[in-house]
Each structure stands twice: as structure tokens, then as C-alpha cells.
Amino acid sequence: MTEATGGAKGPDELRQQIERTRSELGNTVEELAGKADVKGRARARAADLRDKAGAMTVQLRSSAAQAGHTVHDKATHAGPRPVRGVVQAGMRHPKPVLVVGAAAGAAVVAVEVVRRRQQVTRGHRWQRWYR
């Protein structure tokens, strides 16, 4: 018999080739098992996205705080004197400003509720008309 090219020349070399082949096969099996582990990959992806979302949250909070400081500075230092005075008075006494804001919000909600109720009753009138 003839020896194959690249074949082992002795039993020790044959054992080394077998060991290398086993190692390569083991690595290949591990890679395939990792690709087949859908649940594990999904968990890893979710953890990665969670980390990115956390980083984005920190960045957005920082940007919002910076924008708030900029607007605050512009509102207190720039603009006509009456506006600046009102802003500074609102900052010194925030409770009346909050009460006025809450009253305005309640008025908006009340108007919206009344408007929707009127739409509903109008809809029922038309439904009775066409029966």
C-alpha cells in the first residue's frame, strides 16, 4: 500500500493529528451549539439592548438638564423687562403659579369632557333618526 500525501509517518504523529482533529471538531461543535442556542442569544441581545437604553437614558437626561438650564438662563436674563419680572416673581413664589396652572389644566379638561359628551349625544340622536 502507498502512503497518502500528508498522512502520518508514525504512530506518534498519527496521535497528534487525531488530537488536533478532535480539538478542531470540539471548537466547531461549540460554535454550532452557540448558534443553535436561540434563548441564550436572545438573552445576550436583550442585555446588550438594555445597556444601550441605559446609556441613551443618561445621555438624554443630561441633554434635557442642559436644555433646561439654557432656557432658564434665557428666560431670566434675556427678553423684555416685564416678562423677566414675571418669571422671577414666579420663581420666588411658585405656589400661585402652580395653582393658576392647575386651574388652567382643569379648565381645559372640563371643556374637553363637555365637548366629547356633546359629540356622543349628537351621535345617539342621529342613530335614533335612521332606525
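Quantities reported herein were computed from a predicted structural model and do not represent experimental measurements. (Residues numbered from 1 in each chain as written. Predicted model: local features only at pLDDT ≥ 70, side-chain atom pairs only at ≥ 80, totals over all residues. Heavy atoms only, no water.)

## Focus on the pattern of salt bridges
Pairing between side chains becomes possible if they bear opposite charge and their charged atoms approach one another. Per the stated rule, a full pass over the model turns up 5 salt bridges. With a shortest N-O distance of 3.2 Å, R15 and D12 are connected by a salt bridge. With R15 and D12 both in helix α1 (residues 11-36) and 3 residues apart, this pair spans about one turn of that helix. When its relative accessible area of 55% is taken as the criterion, R15 is described as exposed. Close ionic contact of D48 with R45 constitutes a salt bridge, the shortest N to O distance being 3.8 Å. Of this pair, D48 and R45 both sit in helix α2 (residues 38-77), 3 residues apart, roughly one helical turn. The class of D48 is partly exposed, set by a relative accessible area of 31%. Looking at R45, the relative accessible area reads 48%, which means it is partly exposed. What emerges from the salt-bridge pattern is a single network uniting R45, D48 and K52. (Salt bridge = Lys/Arg side-chain N within 4 Å of Asp/Glu carboxyl O. Helix = DSSP H or I, 4+ residues; strand = E, 2+ residues; numbered from the N terminus. Buried < 20%, exposed > 50% of the residue type's maximum accessible area, 1.4 Å probe, protein only.)

## Some points on the confidence of the model for the protein
Residues of the protein with pLDDT of at least 70 account for 79%, and the chain-wide mean is 81. For the protein, the element scoring lowest by mean pLDDT is helix α3 (residues 81-92), at 74; α1 scores highest, at 90. (pLDDT = per-residue confidence, 0-100.)

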